[in-house]
Amino acid sequence: MSDAPIEELTFAVDAGLGSRARIGLIILQSDQTAEHEFATLLRGDGVALYHARIPNAMEVTPDTLRAMERDLPVAADLLPASFDFDAIGYCCTSGATMIGENRVDEIIRDIHPGAKTTNPLTACKAALGALGVGRFALVTPYAPSVTSEMQRNLSQAGFETGAVASFNQSDDFTVARISSESVLDAILAVGARDGCDAVFVSCTSLRVLPVIAEAEARLGKPVISSNQATAWHLMRLADLGDRPADAGRLFQF
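Summarised in this report is the structure supplied together with it. Everything quoted here is computed from the prediction, not taken from an experiment.

On to the pattern of salt bridges. Inspection of every chain in the model, using the stated rule, returns 10 salt bridges. The salt bridge partner of K125 is E101, with a shortest N-O separation of 2.7 Å. One end of the pair, K125, is in helix 6 (residues 120–131); the other, E101, is in helix 5 (residues 101–111), with 24 residues separating them in the sequence. Between E214 and R218 there is a salt bridge; the shortest N-O distance is 3.0 Å. Of this pair, E214 and R218 both sit in helix 10 (residues 212–219), 4 residues apart, which is roughly one turn of that helix. For E214, a relative accessible area of 38% puts it in the partly exposed group. Through salt bridges with shared partners, one network takes in E69, R103 and E106.

Now the structure itself:
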């Protein structure tokens, strides 16, 4: 029996996915949370979301965080320039702190000159500014060497920490397994301090999104997380005004 002839089909092309915006994410190799939370926040019609993973050590220290600078150009290049991204985010708060926000932006824009860029630390500052917050409570999972550097960075940008607390974990695998209930308890305990107008929970591995609405309702204050703030900033940089449900007061801006 002879093979059937292969017919050549006609087709039309369109603009593809992302008719409203194409957004790229550079996510840590060890991150178990970011993709899930970004998919929840950035699932609007016409919004296309693309991920690349960057190698990182499971142990979170200033030195291992700075080492990601070496691999950042390769990770950024895994997001194809032909996709014409509107905005790209490097999804590591502590990494941006140690490498430097400007350096992170410079590396990404060298490969994607037409894209707007952000990271969780830059997004946090933009969020605090949009909310009109000057003094806030900081919750992290990090060891003191990382938490202290982040606190200094935010202070130098004009944002004062009225209270700081940490789960004091250097293992990123463990950080991703800290329960959302534990995160909520931490937010409520630290956020209740006098003189704190908001709470920022740092780290893309922490599962904060499921408890933001409840925490804000119980505290009566805005609650910001790394993933939430980065998603918000990416959306606004891409001229998206979407307001996902139960994602916090931040999306009112």
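Turning our eyes to something else, we now look at the sheet that holds strand 1 (residues 21–28). Pairing is parallel across the open sheet formed by 4 strands, whose spatial order is 2-1-3-4. The open sheet is flanked by strand 2 (47–54) and strand 4 (116–118), the only strands paired with a single partner. Across this sheet, the average inter-strand angle for adjacent strands is 20 degrees, counted without regard to direction. Packing of helix 1 (residues 34–41) onto the sheet brings it into contact with strand 1, strand 2 and strand 3 (87–91), and relative to strand 2 it is tilted by some 170 degrees. Of the strands in this sheet, strand 1, strand 3 and strand 4 are in contact with helix 11 (residues 226–237), which crosses strand 4 at around 165 degrees.

This part covers the packing of aromatic side chains. Under the definition given, this model contains 3 aromatic pairs. Summarising the aromatic geometry, the rings of Y50 and F85 are spaced 5.9 Å apart at their centres and angled 80 degrees between planes, so their arrangement reads as edge-to-face. Highlighted residues: Y50 in strand 2 and F85 in the loop between helix 3 (68–77) and strand 3, separated in sequence by 35 residues. On the accessibility criterion, Y50 (24% relative accessible area) is partly exposed. Aromatic side chains F83 and F85 sit 5.9 Å apart centroid to centroid with 40 degrees between the ring planes, which places their arrangement in the tilted category. A relative accessible area of 30% places F83 in the partly exposed class. Owing to a relative accessible area of 4%, F85 belongs among the buried residues under this scheme.

The next point concerns unusual backbone geometry. Phi at D84 is positive, roughly 55 degrees, even though this residue is not glycine. The topology assignment puts D84 in the loop between helix 3 and strand 3. A residue is classified by how much of its surface remains accessible, and D84, at 54% relative accessible area, is exposed.

Definitions and cut-offs
Residues numbered from 1 in each chain as written. Predicted model: local features only at pLDDT ≥ 70, side-chain atom pairs only at ≥ 80, totals over all residues. Heavy atoms only, no water. Salt bridge = Lys/Arg side-chain N within 4 Å of Asp/Glu carboxyl O. Helix = DSSP H or I, 4+ residues; strand = E, 2+ residues; numbered from the N terminus. Buried < 20%, exposed > 50% of the residue type's maximum accessible area, 1.4 Å probe, protein only. Pairing = 2+ DSSP bridges. Axes fitted to C-alpha atoms, helices over the stretch in contact; angles between N-to-C directions. Contact = heavy atoms within 4.5 Å. Phe/Tyr/Trp six-rings, centres within 6.5 Å; stacked < 30°, edge-to-face > 60°.

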